[in-house]
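Coordinate inspection notes
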Amino acid sequence: MIEFLANWLAFTPVFAVPLLLATLGLIVNERAGVINLGAEGMMLCGALAGVACYIEFGESTAVGMTAAGIAGLLVAFLFAFVVVVLRADQVVTGITIVFFGAGLTGLIGLRWNDTAIAGFRKLDLGLLSGIPFFGKVVFAQDAMVYLTVPIAFGVWYFLFRTRAGLNLRAVGENPQAADAAGIAVDAYRFWAVAAGGALCGLAGGYLALAAAKIWVNEMTHGRGWIAIALVIFARWMPGRAVFGALLFGGIEALIPRIFAAGWPVPQYFLQMTPFLVTLGVLVWVGVAGKRRSAAPGALGLPYVREDRW
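Residues numbered from 1 in each chain as written. Predicted model: local features only at pLDDT ≥ 70, side-chain atom pairs only at ≥ 80, totals over all residues. Heavy atoms only, no water.

Considering all chains together, one arrives at nine aromatic pairs under this definition. Their ring planes at 20° and their centres at 5.8 Å tell us that Phe77 and Phe190 sit as a pair that is stacked. Here Phe77 is found in helix 3 (residues 61-85), whereas its partner Phe190 is found in helix 9 (residues 185-212), with 113 residues between them in sequence. Exposure remark for Phe77: the relative accessible area of 26% places this residue in the partly exposed category. Above the ring of Phe11, the side-chain terminus of Lys122 is found at 5.5 Å from the ring centroid. (Phe/Tyr/Trp six-rings, centres within 6.5 Å; stacked < 30°, edge-to-face > 60°. Helix = DSSP H or I, 4+ residues; strand = E, 2+ residues; numbered from the N terminus. Buried < 20%, exposed > 50% of the residue type's maximum accessible area, 1.4 Å probe, protein only. Lys NZ or Arg CZ within 6 Å of the ring centre and 35° of its normal.)

Next up, the structure:
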């Protein structure tokens, strides 16, 4: 039982990191007042770019993750142009980005489809990795797991400890007041969407290079939608997003452990478990949440100077 628990907890970060990176990206988006329902499409583009560049450029995970972030950034530029510059409906555009990402990766990803890769490898930290139980769980992860910790801290620090983060939150709460104070509303929203898209791309890249170690069509399997739910669960706070990602990552990591142990649990029930938990979390947030929503005040509302609502 101890071995089962150690293996489960050791694999939890591999499933939690993609969810956390995508959730952090969406928090940045929504703190600026932009709803991004296109995370799934951005993650798919990041996953394909990560695997393709990993295979084509010397099997380097650094190159693959860089390409994944750039792919997410480029798709986010498209999304930002449509919703921030052209002021299209954010919900409809986000859903369109999901189908755009699925179609684009399905079209150009045939060359790398079903090609197994080595991807990320666990780091050997010597004596620390050899500590019973905790060595496997804490000190035998890959480099991206450890790098995600300062990324999460950096997002929190930017949002709540810098002037630029204060301006971004002001844009998401009351763009008219922010505009009157001399803050460039459209610029903050555009670059917030771009940064969030890059994080979603990194999430997809890590999913392909560490969790799956292969590219297949639509391999994200709804994780982008789970990240959207995690934003609500975290109440738009990066610290809470870490806890939520570990919770959902633990659920995902448990599924293959149960299969490997040979427990008589129906396969399809296990596969739908993360989404059942997602629904449960949303219901819990709705019932137990405070009267005043924690969502940014102008979330989903396009801003045009002189407009009033």
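Along the chain, Asn167 falls in helix 7 (residues 163-173). On the basis of relative accessible area, Asn167 is assigned to the buried category, the value being 12%. Excluding residues within four positions of it along the chain, Asn167 makes contact with Ile183 and Tyr188. (Contact = heavy atoms within 4.5 Å.)

Under the counting rule described, the total for this entry stands at zero disulfides. Distance from the sulfur of Cys200, which forms no disulfide, to the nearest cysteine sulfur (Cys45) is 11 Å. (Disulfide = S-S within 2.5 Å.)

Now for helix 2 (residues 39-56). For helix 2, spanning 18 residues, the distance from its first C-alpha to its last is 26 Å, which sits close to the expected 26 Å at 1.5 Å a residue. The buried fraction of helix 2 is high, at 16 of 18 residues. Downstream of helix 2 by one or two residues, Gly58 has phi in the positive range, about 80°. (Expected span 1.5 Å × (residues − 1).)

Okay, helix 3 next. Think of an α-helix as 3.6 residues a turn; residues three or four steps apart then line up on the same face. The end-to-end C-alpha separation of helix 3 is 35 Å, in line with the 36 Å expected for 25 residues at 1.5 Å each. A side-chain oxygen of the first residue of helix 3 lies 3.4 Å from the backbone nitrogen of Ala62; this N-cap is Ser60. Directly after helix 3, the chain includes Arg87, whose backbone phi takes a positive value near 60°. (Polar contact = N/O pair within 3.5 Å; in protein donor to acceptor, adjacent residues only side chain to side chain.)

As a further point, take the packing of helix 2 against helix 4 (residues 90-108). Axis separation between helix 2 and helix 4 bottoms out at 7 Å; the angle between their running directions is 20°. With respect to their mutual orientation, helix 2 and helix 4 come out roughly parallel. The crossing of helix 2 and helix 4 is left-handed. Contacts between helix 2 and helix 4 pair Glu40, Gly41, Met42, Leu44, Cys45 and Leu48 from the former with Ile97, Val98, Gly101, Ala102, Leu104, Thr105 and Ile108 from the latter. Here the residues of the contact of helix 2 with helix 4 sort into nine nonpolar, three polar and one charged. (Axes fitted to C-alpha atoms, helices over the stretch in contact; angles between N-to-C directions. Parallel < 35°, antiparallel > 145°, perpendicular 65-115°, else oblique. Left-handed = near helix turned anticlockwise from the far one by under 90°. Nonpolar A, V, L, I, M, F, W, Y, C, P; charged D, E, K, R; others polar.)

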